[in-house]
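Listed below are the residues making up each chain.
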Amino acid sequence: MKLLSVVGARPQFVKLAPIARAAAEAGVEHIIVHTGQHYDPLLSDVFFEELSIPAPTVHLGVGSGSHGVQTGAMLGALDAVLTEHNPDWVLVYGDTNSTVAAALSAVKLHYKVAHLEAGLRSFNRRMPEEHNRVLTDHAADLLLPPTEVALAHLTAEGLADRSIVVGDVMADVLYQVRDAAAGGPSQLLESLSLEHGGFYLATLHRADNTDDPARLAEIVDSLSSLDRPVVLLAHPRLIAKAAEFGIDLATGTLIPHQPLGYSELIAAVMASAGVVTDSGGLQKEAFLLRVPCTTVRTETEWVETIDLGWNVLATSREQIAAGVTRPWPAATDAAPYGDGHAATRVIAALLQH
Ligand code: UD1
């Protein structure tokens, strides 16, 4: 079998790592196409190096732009790449513009396309990720939801006969690095002279939060007045928008910091007193590491983290302050994101179909 993966943004490189490993173990020929949606070394190269992902076979170098410009540039370039490599399966990951571009290009050229992380829904039709995931699910030939909840969404949309629950590949990666990350001292703690458990870890990058000046000012104000230091791992979009709106990120308890590589991020989550984020991946990583999360959104796709008490939604200053200081939830053995072997199931499903 010849498999062609299309990735472009940071969380997709993390998901690609276990897929690349499982494909190699199964003797599957694997072409990796990087769209170039994320191009800063800290958002891209570090993940390939650290997670031992083979270098992309093709790099489209598309870069940033409006949704239409970025997605259109990918579509145009992908047509030629897919035709040249003629894969048995095109695998697309998650919910970014790279995902929907690859799914559209593949389905129109009659290449079979599989969607990893299918069936997630926020039911918020203002989110670009929601457009991307709904369109991709309905275009794809094989849907690989991570959870039973995601399968239920696909069933409600008439897509159950194309769907197989495989578990979550982000759990695969996390379980592989967790023990090593727990053993070593966190460079972040050392460089910022922070104590284990003495700080919160925050990230913010969703357009809903970053692109509205009043909204961004309120969140920065909330994060800068908490009861502990808050290390803010700042995505380039956040830095650009804060500068544009004249909002100072280095204020009060807030400590802006560049994004971290994967194992350093996991070590930092484990050392923190809690996570404040609008990232989907980080909500899940906090849950899998059993660190409480406060999610700066009005809804989440990862509802299991809320139901099990490890995540709360918070948008106002009061809700964020209450979220980070709430008591830690009861311990749980629940494993809604699978057993850490999702990637093997993905490759098996592709080989069988
Ligand atoms: C994208 C995904 C989002 C995902 C996130 C992970 C879409 C619509 N959004 O959001 O679902 O959660 O990736 O991080 O696909 N920029 C840089 N350097 C880079 C990349 C981006 O400076 O390497 C800046 C540019 O100003 C760019 C902005 O960040 O315009 C936004 O980048 P973009 O790729 O459009 O979306 P993300 O916000 O990263």
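Residues numbered from 1 in each chain as written. Predicted model: local features only at pLDDT ≥ 70, side-chain atom pairs only at ≥ 80, totals over all residues. Heavy atoms only, no water.

Colleague: How do you make sense of the overall build of the protein chain when you look at a structure like this?
Modeller: When helices and strands are tallied, the protein chain shows 16 helices and 12 strands. By principal-axis analysis of the C-alpha atoms, the protein chain measures approximately 55 × 45 × 40 Å. Across the 353 residues in the protein chain, those meeting the buried criterion constitute 57%. A fraction of 69% describes how many contacts in the protein chain between residues 6 or more apart in sequence connect residues 24 or more apart. Only carbon and sulfur atoms are counted for the fraction: they give 54% of the accessible area of the protein chain, which is about 13800 Å². Between the averaged position of the 23 positive side-chain charges in the protein chain and that of its 41 negative side-chain charges there is a distance of 4 Å. (Helix = DSSP H or I, 4+ residues; strand = E, 2+ residues; numbered from the N terminus. Buried < 20%, exposed > 50% of the residue type's maximum accessible area, 1.4 Å probe, protein only. Contact = heavy atoms within 4.5 Å. Areas by Shrake-Rupley, 256 points an atom, 1.4 Å probe, with all protein chains shown as cover. Lys, Arg positive; Asp, Glu negative; His and termini not counted. Charge placed at Lys NZ, Arg CZ, Asp CG, Glu CD.)

Colleague: Looking at this model, I keep getting lost on the site of the ligand. Mind explaining?
Modeller: Close contacts around the ligand come from 19 residues, with Gln37, His38, Tyr39, Asn97 and Glu129 the closest. In the environment of the ligand, an oxygen atom lies 2.8 Å from a nitrogen or oxygen atom belonging to the side chain of Gln37. Separating an oxygen atom of the ligand from a backbone N or O atom of Tyr39 is a distance of 2.8 Å. Listed by contribution, the elements that provide at least two residues to the shell around the ligand are α3 (67-85), α5 (128-139) and α11 (236-245). Partitioning the shell around the ligand into residue classes produces 6 nonpolar, 9 polar and 4 charged. If you count residues domain by domain, the shell around the ligand takes at least three from each of domain 1 (2-168 + 338-352) and domain 2 (175-325). (Near = heavy atom within 4 Å. Polar contact = N/O pair within 3.5 Å; in protein donor to acceptor, adjacent residues only side chain to side chain. Nonpolar A, V, L, I, M, F, W, Y, C, P; charged D, E, K, R; others polar. Domains from an automatic or database assignment.)

Colleague: I tried to follow the domain arrangement of the protein chain on my own but got confused; where do I start?
Modeller: Accessible area lost during the coming together of the parts is what is often quoted as the interface size. By domain assignment, the protein chain separates into domain 1 (2-168 + 338-352) and domain 2 (175-325). A C-alpha centroid distance of 26 Å is found between domain 1 and domain 2. Counting residues at the interface gives 26 residues for domain 1 and 21 residues for domain 2. Across the domain 1/domain 2 interface, buried area totals approximately 1900 Å², and carbon plus sulfur atoms make up 55% of it. Taken together, the links from domain 1 to domain 2 amount to 4 salt bridges. A salt bridge links Lys284 to Asp168, with the nearest nitrogen and oxygen atoms 2.7 Å apart. The interface formed by domain 1 and domain 2 holds 7 residue pairs in polar contact (both at pLDDT 80 or more) in total. (Buried area = accessible area lost by both parts, 1.4 Å probe. Salt bridge = Lys/Arg side-chain N within 4 Å of Asp/Glu carboxyl O.)

Colleague: Just checking my understanding: could you explain the sheet that holds strand β7 (residues 200-204) for this structure?
Modeller: Remark on secondary structure: sheet strands pair via backbone hydrogen bonds, oriented parallel or antiparallel. Sheet architecture is open: 6 strands sit in the order β9-β8-β7-β10-β11-β12, paired in parallel fashion. Unpaired on one side and paired on the other, β9 (254-257) and β12 (311-313) mark the two borders of the sheet. Along the sheet, successive strands turn relative to each other by an average axial angle of 20°, direction set aside. Against the sheet, helix α13 (residues 280-288) engages β7, β10 (275-277), β11 (293-295) and β12, with an angle of about 160° to β10. (Pairing = 2+ DSSP bridges. Axes fitted to C-alpha atoms, helices over the stretch in contact; angles between N-to-C directions.)

Colleague: Can you help me understand the pattern of salt bridges in this one?
Modeller: Taken as a whole, this structure holds 17 salt bridges when the rule is applied. Here Arg317 ties to Asp221 by a salt bridge, and the two come within 2.4 Å at their closest N and O atoms. With Arg317 in helix α15 (residues 317-325) and Asp221 in helix α10 (residues 213-223), this pair connects stretches of sequence that are 96 residues apart. With its nearest N and O atoms 3.4 Å apart, the salt bridge here joins Lys241 to Glu244. With Lys241 and Glu244 both in helix α11, this residue pair falls 3 residues apart, about one helical turn.

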